[in-house]
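# Per-entry structural report
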Amino acid sequence: MDSQTQNTSLQRLQNVEKTVVRVLEVAGGVMDELSNPTGPRKEFINNHCRDFMQMIKDIQSTLRNEIKSACEYRPFEKSDYTCRISNEICLSKLEHILSQLDLITQTTIPQYHRAHDSTVSSSSSPMDF
């Protein structure tokens, strides 16, 4: 992203910031109108609500475009961060599985041998009736 594009992008984001401030002012104006002791003026409320919704749509659109343009330019496209994190997660899962397998072998296999040994020693031969 060159300097000119970056400046333009920053200007658009500054405009979004100003629009957000304006949205808050419009919302405050609507709240003031709603609290008016003589009652709110319907046309005033409708106009402000229409302006509010249009500004919100403009903000969403601008931010969506800025995010999209930032994603098109990938200064770290050769970064291996995603792969490294994925590998670390896989390694962690494997370590957990190995620890679970160790636990199984420590508890289940000795129990199996004890059960098998007691079955063999207590079983009678087919000739013993």
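Quick summary incoming for the structure in this document. (Residues numbered from 1 in each chain as written. Predicted model: local features only at pLDDT ≥ 70, side-chain atom pairs only at ≥ 80, totals over all residues. Heavy atoms only, no water.)

Before going further, it helps to examine the overall build of the protein. Regarding its fold elements, the protein presents three helices and zero strands. Its helices and strands taken in sequence order, the protein reads α-α-α from the N to the C terminus. In the protein, which comprises 129 residues, the proportion classed as buried is 9%. Per element, the accessible surface of the protein, about 11000 Å² overall, is 59% carbon and sulfur. (Helix = DSSP H or I, 4+ residues; strand = E, 2+ residues; numbered from the N terminus. Buried < 20%, exposed > 50% of the residue type's maximum accessible area, 1.4 Å probe, protein only. Areas by Shrake-Rupley, 256 points an atom, 1.4 Å probe, with all protein chains shown as cover.)

Note that Glu66 resides in helix α2 (residues 42–72). By relative accessible area, which is 7% here, Glu66 ends up buried. Within the structure, the side chain of Glu66 is placed 2.4 Å from the side chain of Ser9, a separation counted as a polar contact. Within the structure, Glu66 has its side chain in polar contact with the side chain of Arg12 (distance 2.3 Å). Every residue in contact with Glu66, bar those within four places of it in the chain, is listed here: Ser9, Arg12 and Leu13. (Polar contact = N/O pair within 3.5 Å; in protein donor to acceptor, adjacent residues only side chain to side chain. Contact = heavy atoms within 4.5 Å.)

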